[in-house]
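One letter stands for each residue in the lines below.
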Amino acid sequence: MFSSAWNFIKRHKKKFIFTGALIGGVYLLGKYAQIKFREIQEREATEYIAQARRQFHFESNQRTCNMTVLSMLPALKEAIVTQLNSESLTTLLKSKPANKLEIWEDLKIISFTRTIVAVYSTCMLVVLLRVQLNIIGGYLYLDNSVGKSTTVRSTTLLAPPDVQQQYLSSIQHLLGDGLTELITVVKKAVQSSLGSVSLKETWSLLELEQQLNWIRAEVEASSRRSLSWYLLADDENVLADQACGLTDNDIMTIKLLNETRDMLDSPDFTTVLKACLNRGFSRLCDNLAEFFRPKVWLNSLHILPLAKIIPIINGQINTICSETPSHFVQELLMNDQVKEFAANVYETFSTPQELQK
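Since this is a predicted model, take the numbers as computed values, not measurements. (Residues numbered from 1 in each chain as written. Predicted model: local features only at pLDDT ≥ 70, side-chain atom pairs only at ≥ 80, totals over all residues. Heavy atoms only, no water.)

**Some points on unusual backbone geometry**
Across the chain, the bulk of peptide bonds are trans and the bulk of non-glycine residues have phi less than zero. Heads up, the rule is: Segments assigned H or I by DSSP are reported as helices when at least four residues long, segments assigned E as strands when at least two residues long, and all are numbered from the N terminus.
For Lys96, which is not glycine, the phi torsion reads 50° and is therefore positive. The residue Lys96 is located in the loop between helix 3 (87-94) and helix 4 (100-144) in this model.

So, in structure tokens, the structure goes:
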């Protein structure tokens with residue numbers, strides 16, 4: 001019996017060897033596939049966790065952006081009101097002065113100027129902080145990233161706290177020299193459009209909207225600089241004027257400012273700012289529409305004399321620059337183009353340079 005079995009094995013030796021090799025190969029291949037599949041699963045899980053962490057950090061950063069905008073609106077409003085003080089003129093009018101008409105003319109120009117400036121500067125504040133805080137947010141993500149190379153981690157942070165503070169202080173340009181220049185340009189456009197308009201002239205809401213559009217067109221067409229100049233000074237940061245003695249933090253800050261300037265000069269930024277301005281002026285007109293609602297007994301559209309429109313326009317800054325989330329500010333913060341642009345900025349600066357194409 002054993003002899004017969006042995007003879008059978010000898011006769012079919014090659015078949016047995018082939019079958020054994022095949023079974024062994026399939027087994028090893030299966031083991032290899034299991035290992036590779038496990039590696040793929042682990043890699044996908046790691047990538048998913050990293051992406052989820054990155055998304056959580058981004059969303060948290062956007063909430064910080066929103067809160068920062070709201071916290072800065074009172075300072076912006078104060079800066080505008082300080083330079084365009086209509087309250088002193090209304091106080092004078094209550095005393096019935098001899099030059100009442102002249103004061104009304106001044107009030108007309110100042111009221112329109114400060115409301116239009118409020119729209120411009122609020123939109124600029126929203127998009128500028130979106131850029132700055134997402135640049136900082138991207139670098140902070142890299143600084144805290146688990147997957148960041150130990151070589152970079154051991155040298156220096158991309159955005160240390162002192163650099164963040166120094167960099168974000170550049171927002172003062174918008175509240176200072178940038179705002180002053182913007183007021184000059186807008187006031188000139190308002191004077192050109194409304195200077196000769198009588199206080200007794202009546203307007204419908206549509207006519208008021210047309211006036212605002214004409215003023216806006218003149219501001220954006222006649223400006224000697226691009227709108228981005230009002231957000232960030234076009235000259236090098238004062239730190240760069242120092243011939244020597246620049247610290248590592250100073251150099252990092254200058255780098256951040258240059259990267260910000262590149263973003264502000266990009267076509268995408270121009271598109272987003274224009275979208276914000278469109279939404280801002282549209283919301284302003286929606287607010288004004290409340291004062292033009294026709295009376296039930298009138299068959300025609302409600303119209304108002306310019307003298308009655310002036311106080312309405314003058315008070316709009318309280319809604320535009322409100323520290324509580326007004327419809328005006330909420331629509332800017334939730335604008336889809338602003339959110340998409342912010343996501344692109346964050347992605348750019350939260351991706352290691354060696355992985356950027």
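From this point, the narrative continues.
**A closer look at helix 10 (residues 248-264)**
Put simply, the rule reads: Every helix has an expected span of 1.5 Å times one less than the residues it contains. For each residue, the accessible area found with a 1.4 Å probe, counting protein chains only, is set against the maximum for its type, and the residue is called buried under 20%, exposed over 50%, and partly exposed in between. The contact rule is simple, with two residues in contact once any of their heavy atoms fall within 4.5 Å.
With 17 residues, helix 10 extends 24 Å between its outermost C-alpha atoms, agreeing within 8% with the 24 Å of an ideal straight helix rising 1.5 Å per residue. Every buried residue of helix 10 is accounted for by Asp250, Met252, Thr253, Ile254, Leu256, Leu257, Glu259, Thr260, Arg261, Met263 and Leu264. Against the buried residues of helix 10 lie helix 4, helix 6 (161-168), helix 11 (267-289) and helix 15 (336-350).

**Observations regarding the packing of helix 4 against helix 15**
Going by this rule: Only the contacting stretch of a helix is used when fitting its axis, a line to C-alpha atoms as for every element, and angles between N-to-C directions run 0 to 180 degrees. Oblique is the label for any angle not covered by the other classes, which are roughly parallel (under 35 degrees), roughly antiparallel (over 145) and roughly perpendicular (65 to 115). A clockwise turn of the near helix away from the far one marks a right-handed crossing, whereas an anticlockwise turn of less than a right angle marks a left-handed crossing. We call Asp, Glu, Lys and Arg charged. Ala, Val, Leu, Ile, Met, Phe, Trp, Tyr, Cys and Pro are nonpolar, and the rest, Gly among them, are polar.
The geometry of helix 4 relative to helix 15 is characterised by a closest axis approach of 7 Å and an angle of 30° between their N-to-C directions. Relative to helix 15, the element helix 4 is oriented roughly parallel. Two packed elements cross with a definite hand, and for helix 4 against helix 15 that hand is right-handed. Contacts from Val126, Val127, Arg130, Val131, Asn134, Ile135, Gly137, Gly138, Tyr139, Tyr141 and Leu142 in helix 4 reach Val338, Phe341, Ala342, Val345, Tyr346, Phe349 and Ser350 in helix 15. For the contact of helix 4 with helix 15, the residue count by class is 13 nonpolar, four polar and one charged.

**Overview of the side chain of Gln211**
By the element assignment, Gln211 lies in helix 9 (residues 205-222). Those residues in contact with Gln211 that lie beyond four places of it in its chain are Ser193, Leu194 and Trp203.

**Looking at the nonpolar core**
Definition in use: For our purposes a nonpolar core is just a set of buried Ala, Val, Leu, Ile, Met, Phe, Trp, Tyr and Cys residues, chained together by side-chain atoms within 4.5 Å.
In this structure, Ile80, Phe112, Tyr120, Met124, Leu125 and Ile309 are the most contacted members of the largest nonpolar core, which totals 94 residues. Per element, the largest residue contribution to this core is 24 residues, and it comes from helix 4. Filtering out sequence-adjacent residues up to four positions away, Ile309 remains in contact with Phe112, Trp203, Leu208, Phe292 and Leu304.

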